[in-house]
Every structure is written in C-alpha cells, then in structure tokens.
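Topology and contacts: notes
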Amino acid sequence: MKKVYTRPKTMKEAHFHYCPGCGHGIINRLLMEVIDEMGLRESAICVAPAGCGMLVYNYFDIDTLESAHGRGAAVATGIKRVRPGNLVFSYQGDGDLAAIGTAEGFHAANRGEPITVIFVNNGVYGMTGGQMAPTTLTEQVTTTTPNGRNPILAGHPVRICEVFSMLDGTAYLERVTVNKPAAVIKAKKAIKKAFQCQLDGKGFSLVEILSPCPTNWKMGPVEACRWIDEVMTKQFPLGVVKEVS
Amino acid sequence: MSGNAALGEAAVLSGCTCYFGYPITPQNELTEYMAKRMGELGRVFIQSESEIAAINMVLGASVAGARAMTSSSSPGMSLKQEGISYLAADELPAVVVDMVRGGPGMGNISPAQSDYLQATRGGGHGDYKTIVLAPGSVQELTEVVPLAFDLADQYRNPVVILGDGMLGQMMEPVSFDNIKPPKQYTKDYTLTGAKGRPSRMVRSLLFDTKEEEEHNWKLVRKYQRMEQNEVRYETFLTDDAEMVVIAYGIGARIVKGAIKRLRQENMKVGMVRPITVWPFPAAILQELAKTVHDFFVFEMSAGQMIEDVKLALAGKGRIHFYGRPGGIIPTPVELYRIIGRHYYMAARRKEQ
Amino acid sequence: MTTKTIFSGFGGQGVLSMGFTLANAAMLEGRYVTYLPSYGVEVRGGTANCTVVVSDEEIASPVASEPEFVVAMNQPSFNRFQNILQSGGLMCVNASLVNTASVRSDIEVLSIPTSELAEKLGTIKVANMIMLGSLIRASNIISFDAMIKNLAELLGEGKSKLIKLNKEALETGFTYVKE
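Residues numbered from 1 in each chain as written. Chains lettered and ligands numbered in written order. Predicted model: local features only at pLDDT ≥ 70, side-chain atom pairs only at ≥ 80, totals over all residues. Heavy atoms only, no water.

Re unusual backbone geometry
Short version of the rule: Numbered from the N terminus, helices here are DSSP runs of H or I no shorter than four residues, and strands are runs of E no shorter than two.
Note the cis peptide between T25 of chain B and P26 of chain B, where omega equals 10 degrees. Relative to the helices and strands, P26 of chain B is located in the loop between β1 (18-21) and α2 (28-41). Cis geometry is found at the peptide bond from W278 of chain B to P279 of chain B, where omega equals -5 degrees. Tracing the sequence through the fold places P279 of chain B in the loop between β12 (276-278) and α10 (282-288). Although it is not a glycine, K218 of chain A sits at a positive phi angle of roughly 55 degrees.

Quick look at the structure:
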C-alpha cells in the first residue's frame, strides 16, 4: 500500500488536547511540516502563548518557551537579538496578540524585528470558555456578549494585518484559513513564505490564520468551516495584505 | 560619576550584553548611558514600548543565554512584576534595577524607600523571592552590579538592585578596578535551537498538580539556599553600641552622618546596614540582641523594613522607629535629634 | 574638615555646573566629594539646586542639613536657603538679582554683582564662574590655583576656546572679593 501521509518528523508523538474540529491541530502540523521541509528543526525557537495554543511545546520537537499572555513578540525580540541566526517565531491567539499584547506586537512590527508571528484568529477566547475577543464579529454571540457584540458598547473587530500593514517595519503579512484542503495548502505556503522572509532578513512577518472553534462558536465542525467562508472572511478578507520584495 | 552612569558602566564591565529599558525619572541617565555604551560595543540596546515589554525582552534574551538587564523606577517596577514572576518561575537569570521614587501612584520623583516590601516579598504573583541588593554609595554600586549578575546566573533567578532617586542622581568619585571579567556559567537550559540534542522547553505552566507542587518545592529549596548563603550586611560602630540603628541604602548614609554627631556627644549608637534586604540579615540582629536592648529602625517610608526587624528580633529588645514617606529627604541633623532623643529616653528608662 | 555648599538659582543660570565644577576640582585635589543635584521637572526651567560636600574623610551623608555655604543666584533661592544655613555661615548672593534686605542677622552675606562683572567680560553666561571664583576666595574649600591649573580637564574636551573666558571669569570673581 502506498503511504500518502505521515506525522512530520518534528512533531512529537503526543495526542492533541484540542477540541474536535479545532484549527490549532492543523496549524501545529503545518508549522512542523514547513520546519521539516525547510530543514529548520535545529534552528527554530518557538515562543508559545497563553491560550489554547499554550501547549504547543508538548507537540513541537523544537526549542520552545512559554511566554506570559500577550508578551510573545517582546520575548521573541529578546531571543532574536541574542541569536539573529535562529528562526524565531511566536504562536499567538487573537486575545494574546490583538488585545493584551497589542503594544508588544505592534512595536515589534514597527521595529521590523525579523521574527515571524503565527496569529491564530478564531474570534473568541477559547481557553477561558468563549468570551469576546477583539476579533469577535459584530453581533456575534459570546459568553460576554450574550446579546451579540454591540460595537457601541464593545467596539469593532480588529483587523491586525491591515493595521500592521501601515507600519514600515512589516515585510510580509498574509491572511489565510484552514477550513478546507485547498485553504490548508495555501496556509502552508504562507507560513513558508513568512519564514523565508525572516531568513532573508527582510523584516517582520505575520501570518493570520482564520481558525474554526466549533466548541465556542456552538457549531458542528463542518458548519464552523462553512461559517468561515460565508461570514468571517467578509470581515477578514483572505490574501496577501503586504509583501515587500 | 553619577550613580546611574556608574551602574551602567559596571553592568557593561560585568558582561551585560543586552539592556532593555523605558524612560522614567529618576533613572533615565542609566538608559541613556546604556544606549551610548551598548551601541559602541555592538551589544543589544532597545528602548522598549513599555516596562512590560522591556522585562519580557530581558526574559527572551536570558533564555537565549545572554546576560540581560533592565531598569526602572517605582511605577515602572509595578509593571515589571509580571515578568519578574515569570523569570523566577522559569528559573531564568536577570538583573532588574529599581531606582525608587515616592509613591503610591505617580507620586513624586524624589527619592524614597517605599517599595521595600514590593522588592523583598517577590513583588509579583506566586510564591517566589528575588535576591535584593541595596547599595549605599556610588562606589558600592560597582561591587553590587557584578555580584548581581553572578548571583542571578548562579541561582538562575532574577536579582533586584534596589536604589533610589538620590543614589541614581548623586555623583561621587568611582573606580571600576574591582570588577573582574565575568565568570562563565554552564547553561544547559538555554534555547539555542535543538542542534545535536533533544529539544528543550522553558515554561511555568504545569498542568499536572503534582508536578506543579514539586516545581514550587524546588524553588523554595533554592530560596532557602539563598537565605543560608547570601546574607550581606555592614556593621558600623556596633562593638560598644547601646543603641543599634538599622537602615539601608541612602537612608543608611544619612544615619551615618547622624551617628557621627551622636558619637561626638558620647552617645553610643551603632548601625547595621543590610546590603541584601532579602535575604535579610536576621542572625546579626539576634546576635546583637544578646547585649543590646534598643534598636532603632530608620526608613524613608512609613515603616516597611521594620517588619523584617521585628521578625528577626522575635520579641527581643525594644524597637524604636522613625520614617518619612516619599517626598522630603530627611537630613542627618534631623536624625541626630530624633535618635538622640530616643537614646536619652532609653537611658533614662534603664536608670529607673 | 567637611564643608557643605548648596548652589541655587534659576534653571539656566549654570547653577548645577557651578557645583559640578567645584566637585570635580575637589576630586582632582584628591578630596572626598559628593555631588547631589536636584533633578527632573525641578530643573526644567524652574529653580535648580545642588549640594556639594567636600571632605578630608569619608562622607557620611550627601545631604546637607546645615550647610556652611550657600550660593543664591536668584531671590527665591535666597529666601529658601538662608533658613537652613548654619549660624555663622556664609551666603554668597548674586547682587544683580537678589535683594538681601530680609537677611538673617547671624550669617554673613557676600554680595557679588555677577551680571555687571560678566558683562564686562562680554557675556552674561559666565556669571556663574564669577560667583564660583568669589566663593572659593571667601571659603577656601579648595585651592584656587590648583583649580585654574586643572581647568582644561574640568571643562572637558571641545571647550578649549572657553577655557580662557572661564579662567578670566573665575579670576574676576576671586579678585573682586580680594578688593
């Protein structure tokens, strides 16, 4: 029988703790595939977040530090300045990067730190039980917006890629999703490009990944994937937002 | 040389390769000094977007194997506490300088000692401690800075240098001849890329409750070793003293001035000056309590170190106190009058 | 022997540099010395002051509760610092700006018309150095000759043009007291 798929070499043999239908598992695997394919296992240093992605160090067989909530880009800055030859990336959720860690992410981007941020946007605080995130859509129901997000009271969904694109330090920003096979292949390409951008010393790179959270969206996995296409991408259009040649 | 500049040069000579800071008075001269010197030496300097970012950059640099430092003053230190807690939990070395100013809130940029409890009780969340060094002169800064880096590496723990606005701003002649080239420490925990070795992780999240407790016990045992081995203090005219003043940092300088006057009038007053305010020099106070009955605590706060003195003396002797919270700097003459009055009253009580 | 001096005046009158120059000159003489400036918002255009302690032994406190000497370059400084001067202490006053009618009776006052003397040298900027010259003459805190000899080192590189002017200013202040 022909083997068509195998666990990436740099993925530890552990069971994911993610909920059924969650996008983190796919994103974790993509990252390790890219690191394998680019031969970066011995160079990569990952900064893990607080949030659903916090346990990536149980899955990634690379050097990993778990940072305080929101501080990933600052920690990654410290690491990269000491070890400019290594591939340094942070893995951050929407609460982590777009709320509590906005300042750290924004200023790392503005300084053009040659690091990569993998920004997982699922529109809610997953780990804490589905509260409103800065990226929660208008009228979306969460545990802290029981009547739907009202922009007058709770503000508007934050478009990180577009905000960061205004900063001169950013070199590569792309928004992708992982809700269907074709999208997964595109997401992988984006991650590869972002890492290459870092290796080439071009500046700050970020891949925003729209990721399904069926548990907190109160949807089935298939419905969640469809919702990304039909609703979420209207607010967060896919594609390259900025690419400096 | 100013205290701030001397501190910066001492850090450079101690092998500090990364400095991250955010402007706040009264420690700006240190950040400015580092901007210039680190640039000249091709080392890392970043003026960060906040104190929170600065301490997290320190954490990143430390986990990557560098000797890293940040500095701030009281309001900024409050912001750094999150990162210091993570450094302690992750067992990462770092040197954090606090040039204390008057608080609470924005307070005032004049010198104060009102952050003693924040510094000596860990400061952030969780059951952790940091060694806290409180130098009393610009020259002593040059001894304390290399020591801080060494202790941080030796114990893999953040070390705090607790100064104040006056120490940072005042100028005194200073020599750096005492600073030796930095020692090398084996660092088997740093993240350098998993080249030819299994991958490493540095974390403070321990889902397994048993693992979490064991990690905390490990930290506790480390703090006990610090308490046993790292107590430092200076005694001044304690041999024949009938009253012993306990004061630290710049406060101790003012007391020294007062004691010189008191001695001219044959009042037998001495001083214990903690150089490490954590671990606190409790044993020497217990020793002195065998012969001395009266202890006088002076702080530029409403009374924080006095808690440690009370714990150290455990009910022995009598504790006198004079403190002024941030704002006006007390003068040697003021202390001479107050200590003198307490000394006189204590002597009279003895006669009765 | 320990002498404490407070220099005070408006920000911009060269008050801190007066103290700094004295402190450095004392250091070059091999004396113990501390220099404690006021800092922060206080020095942004408002009043500035600094304390210099010079001693033959280790200095206990850099804070001067009862200084032997006060230099007051403006009226608010005169009002504020005459109260903490030691009894019998010396107050060096910038007579160009300060009215000394309200002075304590147990202190000495030395009035120097620094602005007028400075203008004779061509620039008001050296009023502080004139005052410093007068203070050293009246106080003997440090050796004037040694200070003049070390002037290049005291003022730093790049200020060689100014050395002659500062020397003249110091000497003007010094000899004004002599007369």
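Comments concerning the pattern of salt bridges
The condition is simple: The working definition used for a salt bridge is a side-chain nitrogen of Lys or Arg within 4 Å of a carboxyl oxygen of Asp or Glu. For each residue, the accessible area found with a 1.4 Å probe, counting protein chains only, is set against the maximum for its type, and the residue is called buried under 20%, exposed over 50%, and partly exposed in between.
All chains considered together, the criterion is met by 44 salt bridges over all chains. Here D61 of chain A makes a salt bridge to R41 of chain A, at a shortest N to O gap of 3.6 Å. Placement of D61 of chain A in the loop between β1 (44-48) and β2 (63-66) and of R41 of chain A in the loop between α1 (24-37) and β1 is noted, with a sequence separation of 20 residues between them. Of the residues examined, R41 of chain A reaches a relative accessible area of 22% and is grouped as partly exposed. Note that R67 of chain B is salt-bridged to D150 of chain B, the shortest N-O span being 2.8 Å. Within this pair, whereas R67 of chain B is found in the loop between α3 (51-63) and β3 (68-72), its partner D150 of chain B is found in helix α6 (residues 138-155), the two being separated by 83 residues in sequence. For the pair R67 of chain B and D150 of chain B, a shared accessibility class is recorded, and that class is buried.

A few points about the environment of G15 of chain B
Residue and element names in this part refer to chain B. Spelled out, the test is: In this description, contact between two residues means that some pair of their heavy atoms is separated by no more than 4.5 Å.
When you line up the elements, G15 lands in the loop between α1 (3-13) and β1. Along the primary structure G15 and F149 are separated by 134 residues, whereas in three dimensions their C-alpha atoms are 8.5 Å apart. Sequence-distant contacts of G15, that is, excluding residues within four places in its chain, are made with R43, R67 and P182.

Concerning the interface of chain B and chain C
The cut-off we apply is this: By definition, the buried area sums, over both parts, the 1.4 Å-probe accessible area that each loses when the two are put together.
Across the contact, 24 residues belong to chain B and 20 residues belong to chain C. Between chain B and chain C, the buried area comes to about 1800 Å², and carbon and sulfur atoms account for 65% of it. Sorting the residues of chain B by area buried against chain C places M171, P173 and R253 of chain B first, and these three jointly supply 29% of that buried surface. Where chain B touches chain C, the interface holds 4 salt bridges.

Notes on the arrangement of the chains
There are 2 pairs of chains in contact here; the most contacts are made by chains A and B. Nowhere do chain A and chain C come into contact; their C-alpha atoms are at least 27 Å apart.

Details of the environment of L79 of chain B
Residue and element names in this part refer to chain B. The residue L79 is located in helix α4 (residues 74-90) in this model. For L79, a relative accessible area of 39% puts it in the partly exposed group. Each C-alpha atom of the pair L79 and G124 lies 9.4 Å from the other, and the pair is 45 residues apart in sequence. If we ignore the near neighbours within four places in the chain, the residues touching L79 are E51 and I52.

Quick notes on the packing of aromatic side chains
Residues and elements named next belong to chain B. Cut-off, in case you're wondering: Between the rings of Phe, Tyr and Trp (Trp by its six-membered ring), a pair exists once the centres lie within 6.5 Å; its type follows the angle of the planes, with under 30 degrees stacked, over 60 edge-to-face, and the other angles tilted. Geometrically, a charge over a ring is one whose NZ (Lys) or CZ (Arg) sits within 6 Å of the ring centre while staying within 35 degrees of the ring normal.
Counted under the stated rule, the structure contains 13 aromatic pairs over all chains. A ring pair is formed by Y116 and Y248, whose centres lie 5.4 Å apart and whose planes are at 50 degrees; its orientation type is tilted. Residue Y116 is found in helix α5 (residues 116-120), and its partner Y248 is found in the loop between β10 (243-246) and α9 (249-264); the two are separated by 132 residues along the sequence. Given a relative accessible area of 0%, Y116 falls into the buried group. A residue is classified by how much of its surface remains accessible, and Y248, at 2% relative accessible area, is buried. Ring geometry for F298 against Y322: centres 6.2 Å apart, planes inclined by 15 degrees, an arrangement best described as stacked. Placement of F298 in strand β13 (residues 294-299) and of Y322 in strand β14 (residues 318-323) is noted, with a sequence separation of 24 residues between them. Summarising the burial analysis for this pair, F298 and Y322 share the class buried. Over the ring of Y189 we find R156; its NZ or CZ atom is 3.9 Å from the centre of that ring. Across the ring face of F236, the terminal group of K256 is positioned such that the distance to the ring centre comes to 5.0 Å.

Thoughts on the nonpolar core
Worth spelling out the cut-off: The criterion is simple. A nonpolar core is a set of buried Ala, Val, Leu, Ile, Met, Phe, Trp, Tyr and Cys residues joined through side-chain atoms within 4.5 Å.
In terms of nonpolar packing, the biggest core is built from 142 residues, with L206 of chain A together with M34 and M69 of chain B touching the most fellow members. Considering every element that reaches this core, the biggest residue donor is α6 of chain B, with 9 residues. Those residues in contact with L206 of chain A that sit more than four places away from it in its chain are L97, V117, F119, I160, C161, F164, Y172, L173 and E174 of chain A.

Re the sheet that holds strand β8 (residues 201-202) of chain B
Heads up, the rule is: Here the rule is simple: two strands pair whenever DSSP picks up at least two bridges between them. Angular values range over 0 to 180 degrees, each being the angle between N-to-C directions of two axes fitted as lines to C-alpha atoms, with helices fitted over their stretch in contact.
Judged by pairing direction, the sheet is mixed, and its 8 strands sit side by side in the order β9(A)-β7(A)-β8(A)-β4(A)-β3(A)-β1(A)-β2(A)-β8(B) without closing on themselves. At either margin of the open sheet sits one strand with a lone partner, and together these are β9 (239-243) of chain A together with β8 of chain B. Together, β1, β3 (87-93), β4 (116-121) and β8 (204-210) of chain A form the strand contacts of α1 of chain A, whose direction differs from that of β3 of chain A by roughly 175 degrees.

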